[in-house]
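Geometric and topological summary
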Amino acid sequence: MKAAPFDYALAHDLDHALTFLDQYGMDAKLIAGGQSLVPMMAMRLARPEWLIDINRINALKRIELTSTHLTTGACVRQRDVEYNEPVTRALPLIKKALHWVGHQQTRNRGTVGGSLVYADPSAELPLTALLLDATLHLESHQEGARSLLASEFFMGPMFTAVSDTECLTHIDWPIWSGPRVASAFEETAIRKGDFAMASAAAQLQLDANGRVLRATFGVGGMDGTPRVFPQLAQQMVGLTATEIDLKAIAQEAVQECEPGNDMHCSSDYRRHLARVLLERVIDQTLQRALAQ
Amino acid sequence: MSSKQVLSNAKPFKYIGKHRRAVEHQRFVLGQGHFAADIQRPGMLHVALISSPYASAKILSIDAKAALDMPGVVDVLSGEELWANVDATLPGVDAPHVTRYPLAGTHARYAGEWVAAVVATSRALAEDAAEWVNIEYEVLPHVVDPEEALLPSAPLVHPKHGSNVIFHRHFVWGEVDQEMAACTHQLSYRVKWARNSTVPIETFAVACEWSDAQGVMDVWASIQMPKFPDQVAKALRLPGNAVRVHFDVDVGGSYGVKRGLKHTILVAYLAKKLGRPVRLVEDRLENMRGGDMQGPDRIFDVTLGFEPDGLVKCMKMRALDDIGAYSGRSPLQLGKPVGAIVGPYTIHSVAYDAMAVMTNKTPQEAVRGFGQAPTNYAIESGMDKVARFLQMDRIALRKRNLIAPDQFPYLIPSGTHYDSGDYAVVFDKALKEANIEELIAKRDRLREQGILAGIGFSTCLEPSGGNSSFEPLFNPKNDTTTWMDSCLVRVDLSGSVTALMGTSSSGQSHETLVSTVVAEVLDRDPEGIRVLKADSLNALPSNSPVGSRMAIMLGGAAAGAAKKIKQKLMRLAAHHLKVREEELVYEGGAIHVASDPSRALTWAALIEIMHRKYHLLPPGMEPGLQEKFVWEVPTGGGLPTAEGRIQMYPCHSFESHVILASIDPGTFKVHIHRYVCGHDCGVMISPDVVHGMTYGGIAHGLGAALMEKFAYSEDGQLLAGTFMDYLLPSAHEVPEITIVDHCTPSPLTEFGQKGSGEAGYLGSPAAMASAINDALSPLGAHIDHLPMTPQALWQACASQSQALDAKHALTI
Amino acid sequence: MINKQAIQLRVNGTLYEREVEPRTTLVDFLRDELALTGTHVGCEHGVCGACSVMLNDEPIRSCCAFAVQVNGASITTVEGLAPQRGVMSKLQDAFCETHALQCGYCTPGMLVACHDLLQHTPHPTKEEVREAISGNLCRCTGYQQIVDAVMLATAPEGETHVK
């Protein structure tokens with residue numbers, strides 16, 4: 001399984017990378033960690049003529065934390081987020097998501113941006129981005145800089161709004177400040193580290209009386225992209241834990257999805273799994289928030 | 001360490017049975033292994049394969065012109081050319097029209113079958129060129145379901161054979177019909193063993209180099225295959241002494257599957273044709289689809305006849321095995337279980353209907369246990385069902401049926417004598433180690449929490465010794481009865497000891513086995529004993545490590561050769577010291593007169609005389625000190641009776657698994673809480689090695705039970721063609737395992753050893769199924785097929801889903 | 001024609017300068033170009049871990065990196081784990097003691113993964129060991145004796161059987 005031949009260029013800065021993209025467009029692919037791309041190339045499922053390496057562009061590697069946002073450059077390694085204590089304290093959900101991403105060896109190379117652009121429907125970081133309403137920043141010479149919400153960014157299985165001449169530069173992850181914010185991330189795969197058959201994540205905040213102030217939850221692997229359910233989440237606002245009908249919420253959410261069939265997982269079983277996981281993460285999140 | 005060793009009836013050994021570091025380890029931990037893909041020969045060329053995309057197709061044309069023009073490309077080989085120049089390999093059963101060549105000829109019979117081979121100066125260039133070979137196919141009807149393949153309307157995989165059934169025989173041992181009718185109860189069931197395999201981390205790799213000057217084909221291969229050099233020579237139409245297989249190549253795991261004939265014949269032909277060394281290293285895609293290393297794929301229909309007290313008196317078993325599009329060792333894997341067809345039980349009469357059917361799928365090859373693991377799963381499933389039917393404790397049910405220790409050697413209906421065993425004791429040891437009362441209490445506590453939990457048991461035979469009498473059993477035209485192995489031991493002029501063995505190893509630590517045995521017999525330090533693997537031109541005959549035979553056969557041969565050395569030394573000493581041999585004591589390699597220890601010869605002195613002082617040798621004694629030992633498998637040499645009764649393997653190891661597992665009532669993921677394996681393989685020569693293989697075998701078995709399957713689409717496309725879809729258990733999926741040892745020595749071997757390479761795999765799927773079904777039983781659900789994936793378990797409970805919802809919703 | 005590129009890699013302490021095709025993976029570079037065949041190929045799609053090496057002190061799958069991508073980096077392979085010639089590391093020694101290998105094919109990757117674990121977690125629990133090797137598949141051992149080896153290597157009164 002040797003990749004088809006290609007030419008390689010190391011971009012020394014963003015402008016350099018964008019120039020290559022202008023020149024080669026569809027014939028070029030950007031590579032950062034390569035944990036998804038290199039195996040695809042080995043199987044000759046991806047065969048770019050040019051590989052543009054952006055993994056050494058420092059401008060794409062920054063991590064910045066404010067009280068409202070975490071900003072990660074696209075080429076920040078997953079492990080650098082995972083082991084960054086201030087970051088994971090401010091945004092626990094991202095660490096919980098990363099716990100399920102591949103294996104340590106893949107997180108040592110894989111990047112945050114890489115996972116988002118690869119956009120596997122069952123991947124953890126895309127679900128997290130959608131859940132948190134992250135903003136993804138793109139840049140190209142032709143269109144300059146533009147920003148998309150996660151909901152605009154993920155368009156289908158392995159398919160995003162990034163154009164052939166664009167590079168994802170950084171992602172802003174909103175932070176929920178205040179007390180009684182809790183989160184949970186669960187997934188089921190046959191082996192830990194495999195692509196999830198289904199996953200679910202939730203984050204919410206309770207007020208001093210234990211009523212939901214804000215909530216967000218979603219599932220992965222249940223459709224062409226991860227799915228969040230803002231209207232259903234909105235229905236939880238103002239309710240206490242005991243007033244929330246977990247079963248009904250999960251049932252309604254899952255009904256909105258159109259999960260696929262594959263050799264490990266029929267759509268019926270996937271639906272069942274997503275319901276179970278969604279109930280569990282919302283419940284866990286409520287319990288954790290109450291405990292604070 | 002989490003294993004406990006109790007030897008009963010053991011002789012006091014000095015080296016055998018002790019903890020000892022395997023001598024092989026040093027090179028591997030230093031990264032100095034010598035694997036087939038590590039071999040670099042000057043001018044070496046590389047092969048990439050082109051596979052059929054269709055399950056069944058006529059190959060209309062192959063146009064390699066564009067490929068041949070590409071950089072680095074030296075040749076593109078088609079089936080037409082290859083067929084004209086090599087001989088086909090034939091099945092082990094009598095089916096002369098089911099021939100196999102390394103490349104498809106006029107027809108491709110499975111998706112993934114190799115159709116052409118590109119040879120280039122690098123593997124990458126060969127793959128590039130492969131994309132430019134233009135092959136035209138005419139798609140033909142195909143069949144993938146084994147039961148459909150039996151229908152008269154089914155497309156024929158090998159039309160000349162006239163049927164998709166490549167083998168069928170109905171054995172009747174005893175008055176089965178009468179006994180069945182006389183039984184108070186009968187119970188029938190079906191279980192399915194899904195196609196899985198051992199899938200070593202190293203794929204098959206082979207390098208060949210032909211020397212015009214010497215007329216020899218050198219072969220370095222990742223091989224585990226009896227009579228490999230002979231069969232390669234035969235296919236290439238070369239004399240046997242024109243093929244030199246280098247057995248000192250380290251094999252990165254095989255556990256049965258690396259038979260490599262088709263790969264090697266292909267590469268050797270190219271090497272000879274092109275006059276340059278050629279190497280093929282299967283990539284994982286080639287390996288999974290076209291490496292022909294998938295395992296048994298069986299449907300069992302079983303009827304048991306039993307009494308109200310649980311005694312199972314008779315069994316009818318039909319085993320339908322889907323061997324795929326060609327036959328390797330595959331139909332024979334229905335034959336080996338004949339040698340343990342009743343498991344460890346006193347079942348009195350058996351009807352066994354063995355049928356091997358062909359479909360347009362990847363061919364099946366020998367897998368660890370050679371068919372015994374699926375058979376044990378079928379038998380044990382039945383024992384649990386009988387217990388459930390009678391509302392009887394599954395432990396008591398098994399004990400009611402286990403062969404008793406005073407019944408050995410025990411003759412089973414199909415003609416094999418089990419040499420020795422004490423099954424109830426091993427079972428009890430496992431139960432005790434598992435603390436069964438506490439385990440049951442734990443299971444019940446889990447159930448109270450709304451979690452599905454179950455305890456599983458299996459008590460299974462592990463035949464060993466590799467007497468492959470299933471060959472003449474399944475093919476009367478094959479009257480092979482010789483299953484020998486050999487060893488040569490040599491003491492050089494400096495007094496150091498070297499032993500030669502004649503086959504490759506794939507992790508069984510044979511060098512350690514042989515040096516331990518020779519050390520034991522010669523009473524010399526095992527660390528000083530070097531064990532080499534002779535190449536096939538230098539080697540004494542071997543039948544390779546199959547059927548858990550090497551502890552018995554190679555161990556026996558090493559002991560035999562070492563004993564001859566010792567006898568020769570004694571004869572020399574008697575002559576030199578002018579006493580009778582009975583008056584001498586051999587100790588640590590030195591010999592002295594019992595009544596007068598000052599009259600002695602040191603090891604060094606003995607060796608000196610042997611090598612340099614001819615005038616001091618007894619008349620007629622050969623100078624130097626080297627002895628060979630070649631011997632036949634114990635109890636071997638027989639041919640089957642007309643009813644198909646035969647002594648299959650000589651020695652019978654035994655394993656008993658006890659598992660506590662739970663199933664998440666929401667996700668249906670399985671968690672194993674406790675895993676105990678009671679194991680009896682007679683005297684263990686290298687306990688670390690035996691335990692290691694048992695742990696590994698259990699891991700294989702858990703994979704087969706819970707997650708491994710070569711799944712096919714209706715189009716005959718392999719769906720599980722990469723490691724993303726064929727799921728091998730990682731360190732998270734294999735639990736901590738406790739092994740409890742027992743020893744019933746074999747009366748047939750030098751030290752009482754039995755074989756054990758297949759341990760764990762033979763009993764763990766059965767025990768896992770037992771645990772899962774116990775867990776599902778409160779719901780009235782059950783599962784009778786493998787693998788028991790979360791989805792499969794969910795489906796098994798689907799009709800009970802309403803009852804489940806009430807339990808799982810509050811469970812976090 | 002695809003241009004070869006010049007790269008520099010420090011492997012097991014030695015600096016190498018070579019020209020490679022961009023599509024040459026790091027594992028193929030190590031094995032074919034530098035004849036360091038201790039690192040093994042198992043799947044070429046990033047699942048089995050047999051190809052694990054240390055890249056700048058962190059374990060990666062060398063089948064998932066093109067050599068050109070890691071130009072300038074420092075690599076440690078299994079051949080570089082022993083402290084000196086004729087002396088095994090405590091971990092290598094423990095592997096031999098507990099029979100943590102059989103065919104030896106996954107072993108280099110396992111050693112790299114365990115070596116990395118011990119750099120961060122000098123006294124891991126069994127669960128931590130299993131987590132650390134969860135990205136390395138083995139078909140021989142069932143992992144048990146590998147876990148035993150790491151526990152032995154890190155036991156407070158562990159002996160050093162250095163030859």
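Definitions and cut-offs
Residues numbered from 1 in each chain as written. Chains lettered and ligands numbered in written order. Predicted model: local features only at pLDDT ≥ 70, side-chain atom pairs only at ≥ 80, totals over all residues. Heavy atoms only, no water. Helix = DSSP H or I, 4+ residues; strand = E, 2+ residues; numbered from the N terminus. Rg over C-alpha atoms; globule rule 2.2 N^0.38 Å. Buried < 20%, exposed > 50% of the residue type's maximum accessible area, 1.4 Å probe, protein only. Domains from an automatic or database assignment. Contact = heavy atoms within 4.5 Å. Buried area = accessible area lost by both parts, 1.4 Å probe. Axes fitted to C-alpha atoms, helices over the stretch in contact; angles between N-to-C directions. Parallel < 35°, antiparallel > 145°, perpendicular 65-115°, else oblique. Left-handed = near helix turned anticlockwise from the far one by under 90°. Pairing = 2+ DSSP bridges. Expected span 1.5 Å × (residues − 1). Phe/Tyr/Trp six-rings, centres within 6.5 Å; stacked < 30°, edge-to-face > 60°. Polar contact = N/O pair within 3.5 Å; in protein donor to acceptor, adjacent residues only side chain to side chain. pLDDT = per-residue confidence, 0-100. Salt bridge = Lys/Arg side-chain N within 4 Å of Asp/Glu carboxyl O. Nonpolar A, V, L, I, M, F, W, Y, C, P; charged D, E, K, R; others polar.

Overview of the overall build of chain C
Across its full length, chain C holds five helices and five strands. In sequence order, the secondary structure elements of chain C are arranged as β-β-α-β-β-β-α-α-α-α. The C-alpha radius of gyration computed for chain C amounts to 16 Å, which stays within 12% of the reference 15 Å derived for 163 residues, consistent with globular compactness. Along the first, second and third principal axes, the C-alpha set of chain C runs to 55 × 30 × 25 Å. When burial is assessed residue by residue, chain C has 64% of its 163 residues classed as buried.

Some details on the domain arrangement of chain C
All names here are of chain C. In terms of domain boundaries, chain C breaks down into domain 1 (5-80) and domain 2 (90-153). When each unit is reduced to the centre of its C-alpha atoms, the spacing between domain 1 and domain 2 is 21 Å. Each partner contributes residues to the interface: domain 1 has 16 residues there, and domain 2 has 13 residues. Interface area, domain 1 with domain 2, both sides summed: about 1100 Å², of which 59% is carbon and sulfur. The three residues of domain 1 that bury the most area against domain 2 are His 40, Met 54 and Val 78, which together make up 37% of that side's buried surface.

A short note on the packing of helix α18 (residues 687-706) of chain B against helix α19 (residues 764-776) of chain B
All names here are of chain B. Orientation of α18 relative to α19, taken along the N-to-C sense of each, is 50°, at an axis distance of 8 Å. By the angle class used here, α18 and α19 are oblique. Regarding α18 and α19, the two cross each other, and that crossing is right-handed. From α18, Gly 697, Ile 698, Gly 701, Leu 702, Ala 705 and Leu 706 reach across to α19, where they touch Ser 764, Pro 765 and Met 768.

A look at the sheet that holds strand β23 (residues 584-587) of chain B
All names here are of chain B. With antiparallel pairing, three strands are arranged side by side in an open sheet as β23-β24-β25. Lying at the two open borders of the sheet, with one neighbouring strand each, are β23 and β25 (596-601). When the angles between neighbouring strand axes are averaged without regard to direction, this sheet yields 30°. Bridging between β23 and strand β24 (residues 590-593) involves four bridges; their strand directions are antiparallel. Counted as the bridge partner of Val 585 is His 592 from β24.

Things to note about helix α3 (residues 107-120) of chain C
All names here are of chain C. Taking 1.5 Å per residue, 14 residues should reach 20 Å; α3 reaches 20 Å between its end C-alpha atoms and fits that length. Among the 14 residues of α3, 10 are classified as buried, and the element is accordingly described as predominantly covered. Every buried residue of α3 is accounted for by Thr 107, Pro 108, Gly 109, Met 110, Leu 111, Val 112, Ala 113, Cys 114, Asp 116 and Leu 117.

Describing the packing of aromatic side chains
All names here are of chain B. Considering all chains together, one arrives at 28 aromatic pairs over all chains under this definition. An angle of 25° between the planes, with centres 5.0 Å apart, marks the rings of Phe 171 and Trp 173 as stacked. Pair check on accessibility: Phe 171 and Trp 173 agree, each one buried. An aromatic cluster is defined as three or more aromatic residues linked by ring pairs; in this entry it consists of Phe 167, Phe 171, Trp 173, Tyr 352 and Phe 474.

Points about the environment of Arg394(B)
All names here are of chain B. With respect to the element layout, Arg 394 can be found in helix α11 (residues 394-401). The exposure class of Arg 394 is buried, given its relative accessible area of 10%. Placed 332 residues apart in sequence, Arg 394 and Ile 62 show a C-alpha to C-alpha distance of 60 Å. A polar contact of 3.3 Å, which involves the side chain of Arg 394, links it to the side chain of Asp 774.

Section: the confidence of the model for chain B
Residues and elements named next belong to chain B. For chain B, per-residue confidence averages 96 on the pLDDT scale, and 97% of positions sit at 70 or higher. Considering only residues more than four positions removed or in separate chains, one finds that residues 1-10, a stretch of pLDDT under 50, has 27 contacts. Between residues 805-812, whose pLDDT stays under 50, and residues either more than four places distant or in other chains, the model counts 12 contacts.

Looking at the interface of chain C and chain B
Contacts between chain C and chain B engage 47 residues on the former and 57 residues on the latter. Both faces considered, chain C and chain B share a buried interface measuring about 4400 Å² in area, 56% of it formed by carbon and sulfur atoms. Summed over the three residues of chain C that lose the most area to chain B, namely His99(C), Arg139(C) and Gln144(C), the buried surface amounts to 19% of that side. Summed over the shared surface of chain C and chain B, the result is six salt bridges. A salt bridge links Glu708(B) to Arg139(C), with the shortest nitrogen-to-oxygen separation between them at 2.9 Å. Where the side of chain C that touches chain B is concerned, the elements lending two or more residues are α1 (26-33), α2 (90-98), α3, α4 (126-132) and α5 (144-154) of chain C. Element by element, the count of residues in the side of chain C that touches chain B is highest for α2(C), at five residues. Its residues assigned to classes, the side of chain C that touches chain B shows 18 nonpolar, 16 polar and 13 charged.

Focus: the sheet that holds strand β14 (residues 227-228) of chain A
Residues and elements named next belong to chain A. Strand order in this open sheet of four strands is β11-β12-β13-β14, and the pairing throughout is antiparallel. In this open sheet, the two edge strands, each paired with only one partner strand, are β11 (181-188) and β14. Note: β11 against strand β12 (residues 198-206), eight bridges, orientation antiparallel. Bridge pairing in β12 places Val 181 opposite Gln 205.

Considerations on the side chain of Thr128(A)
Residues and elements named next belong to chain A. Here Thr 128 shows up in helix α8 (residues 124-131). Under the relative-accessibility criterion, Thr 128 is labelled buried at 1%. Apart from the residues within four sequence positions on either side, Thr 128 is in contact with Leu 93, Ala 97, Trp 173 and Phe 185.

Focus: the pattern of salt bridges
Residues and elements named next belong to chain B. Overall, the coordinates contain 76 salt bridges over all chains when judged by the stated rule. Between Asp 283 and Arg 123 there is a salt bridge, with its nearest N and O atoms 3.0 Å apart. Pair noted here: Asp 283 is in the loop between β13 (278-281) and α9 (284-290) and Arg 123 is in helix α4 (residues 123-130), with a separation of 160 residues, a long-range link. Exposure class is identical for Asp 283 and Arg 123. Each is buried. Where Asp 774 meets Arg 443, a salt bridge forms, and the shortest distance between an N and an O atom there is 2.7 Å. Taken as a pair, Asp 774 in helix α19 and Arg 443 in helix α13 (residues 436-448) lie far apart in primary sequence, 331 residues in all. The same class applies to Asp 774 as to Arg 443, namely buried.

With respect to the side chain of Ser686(B)
Residues and elements named next belong to chain B. Turning to its location among the elements, Ser 686 is positioned in the loop between β28 (670-680) and α18. Given a relative accessible area of 11%, Ser 686 falls into the buried group. In contact with Ser 686, other than residues within four places in its own chain, are Thr 512, Leu 513 and Thr 516.

Points about the domain arrangement of chain B
Residues and elements named next belong to chain B. If you check the domain split of chain B, you get domain 1 (36-140 + 204-281), domain 2 (298-470 + 639-804) and domain 3 (484-631). Taking only C-alpha atoms, the centre of domain 2 and the centre of domain 3 are 40 Å apart. Listed as interface residues are 19 residues of domain 2 and, on the opposing side, 19 residues of domain 3. The contact between domain 2 and domain 3 buries some 1300 Å² in all, and 66% of this surface belongs to carbon and sulfur atoms. By the criterion of area lost to domain 3, the three top residues of domain 2 are Ile 685, Glu 750 and Phe 751, representing 33% of everything that side buries. Between the two partners, domain 2 and domain 3, sit one salt bridge. A salt bridge links Glu 750 to Lys 563, with the nearest nitrogen and oxygen atoms 2.9 Å apart. Our enumeration of links across domain 2 and domain 3 arrives at seven residue pairs in polar contact (both at pLDDT 80 or more). Secondary-structure elements contributing two or more residues to the side of domain 2 that touches domain 3 are β19 (452-464) and α18.

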